[in-house]
Amino acid sequence: MMQYNSLSDSRTNEQIAQELYQNGWSITDQYISENFRKELLEEQQDLMYHGQFRHAGVGKGESFSIQPEIRSDKVMWMDEGQLTPLQQAYWDRLENLRLAINQRCYLGLRSFEAHFAMYPPGSFYLRHLDQFQSVSYRKVTVILYLNERWEASDEGALRMYFTAENGVETYRDVLPVGGRLVTFLSGEIPHEVLPTKKERISITGWFKDS
């Protein structure tokens, strides 16, 4: 299993926190080692094989529904009380990131939730915000990509939208390259997953203030 370099990891987390403070978002390549990425990917594949994934929905609680015209990915939520050793290792890494963000951004982040996400070829997720009325506790979105190889021709980019002071909207497309970590403020950056041409795998999570 992955061994951490505590000094370099600390510097990386501090850099992410600084970028989040300045820009509201951050992109970090090779956030985890290649071996750890492969181990997480293998675990995801095994869980998928054994039928642990379900169609993702929209909304929360009584408003939850499966709407494939909005999103067509499959997910498997991680249970913080029953994490596998690999999931726990990732949880521990993210705990250090949570502390770094709190120290720099004063967001009062208290906990973390996450799921494996798998987008089959042709799937997508239309533009949305991760923070809405029933999940106002989500403050920071954290996405780690686990894909083996990814080219621009595979598509499936994460598109993040930004509005300038003059009201003009722009966007940035981020390919789901394996080992890449994308972090952004859940309530401020609309985003979507563009249709993918091959299976697209990530761990998507949220730091919460509850």
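Structural notes, computed from the coordinates. Since the model is a prediction, treat every value here as computed from it, not as a measurement.

Packing of helix α2 (residues 34-49) against helix α3 (residues 85-105) brings their axes to within 10 Å, and their N-to-C directions diverge by 130°. Taken as axis vectors, α2 and α3 run oblique relative to one another. In this structure, α2 meets α3 at a crossing whose hand is left-handed. For the pair α2 and α3, contact is made by F36, E39, L40, E43 and L47 and by L86, Q87, A89 and Y90, respectively. Here the contact of α2 with α3 is composed, by residue class, of six nonpolar, one polar and two charged.

Now for the packing of aromatic side chains. The final tally for this structure, using the stated rule, is six aromatic pairs. Through a chain of ring-to-ring contacts, three or more aromatic side chains come together here, namely W91, F112 and F207. Looking at R93, its charged tip hangs above the ring of Y31, at a distance of 3.9 Å from the centre. A cation over an aromatic ring shows up here: R127 above the ring of Y161, its NZ or CZ 4.1 Å from the ring centre.

Our next topic: the pairing of strand β3 (residues 74-77). Relative to β3, strand β2 (residues 54-55) is paired through two bridges, and the arrangement is antiparallel. What sits directly across from H55, in β3, is K74. Bridge analysis of β3 against strand β4 (residues 111-119) gives four bridges, and the strand direction is antiparallel. Its bridge partner lying in β4, W77 is registered against H115.

With antiparallel pairing, seven strands are arranged side by side in an open sheet as β1-β9-β6-β11-β4-β3-β2. In this open sheet, the two strands that pair with only one neighbour each are β1 (25-28) and β2. With nine bridges joining them, β4 and strand β11 (residues 200-208) adopt antiparallel strand pairing. Looking at β11, one finds that F112 is bridged to F207. Contacting β3, β4, β6 (138-145) and β11, α2 crosses the sheet at an angle of about 70° to β4.

In space, the four strands of this open sheet follow the order β5-β10-β7-β8, with antiparallel pairing throughout. The open sheet terminates on both sides in strands that have one partner only, identified here as β5 (125-128) and β8 (169-174). Between one strand axis and the next, the sheet turns through 15° on average, direction left out of account. Summarising the sheet, strand β7 (residues 158-163) and β8 pair through six bridges and their orientation is antiparallel. Among the inter-strand pairings, T163 is bridged to a residue of β8, identified as E169.

Bringing the pairing of β4 into the picture now. With nine of nine residues buried, β4 lies mostly within the body of the structure. On β4, burial covers both faces: S111, E113, H115, A117 and Y119 on one face and F112, A114, F116 and M118 on the other are all buried.

To continue, consider the pattern of salt bridges. Taken as a whole, this structure holds 13 salt bridges when the rule is applied. Among the salt bridges present, the one from E148 reaches R37, with a minimum N-O distance of 3.1 Å. One end of the pair, E148, is in the loop between β6 and β7; the other, R37, is in helix α2, and 111 residues separate them in sequence. For R37, a relative accessible area of 1% puts it in the buried group. Close ionic contact of R71 with D73 constitutes a salt bridge, the shortest N to O distance being 2.7 Å. In this structure R71 comes out as buried when scored by relative accessible area, which is 11%. Within the structure, one salt-bridge network assembled from shared partners comprises E34, R37 and E148.

Here is what the cut-offs are and how they apply
Residues numbered from 1 in each chain as written. Predicted model: local features only at pLDDT ≥ 70, side-chain atom pairs only at ≥ 80, totals over all residues. Heavy atoms only, no water. Axes fitted to C-alpha atoms, helices over the stretch in contact; angles between N-to-C directions. Helix = DSSP H or I, 4+ residues; strand = E, 2+ residues; numbered from the N terminus. Parallel < 35°, antiparallel > 145°, perpendicular 65-115°, else oblique. Left-handed = near helix turned anticlockwise from the far one by under 90°. Contact = heavy atoms within 4.5 Å. Nonpolar A, V, L, I, M, F, W, Y, C, P; charged D, E, K, R; others polar. Phe/Tyr/Trp six-rings, centres within 6.5 Å; stacked < 30°, edge-to-face > 60°. Lys NZ or Arg CZ within 6 Å of the ring centre and 35° of its normal. Pairing = 2+ DSSP bridges. Buried < 20%, exposed > 50% of the residue type's maximum accessible area, 1.4 Å probe, protein only. Salt bridge = Lys/Arg side-chain N within 4 Å of Asp/Glu carboxyl O.

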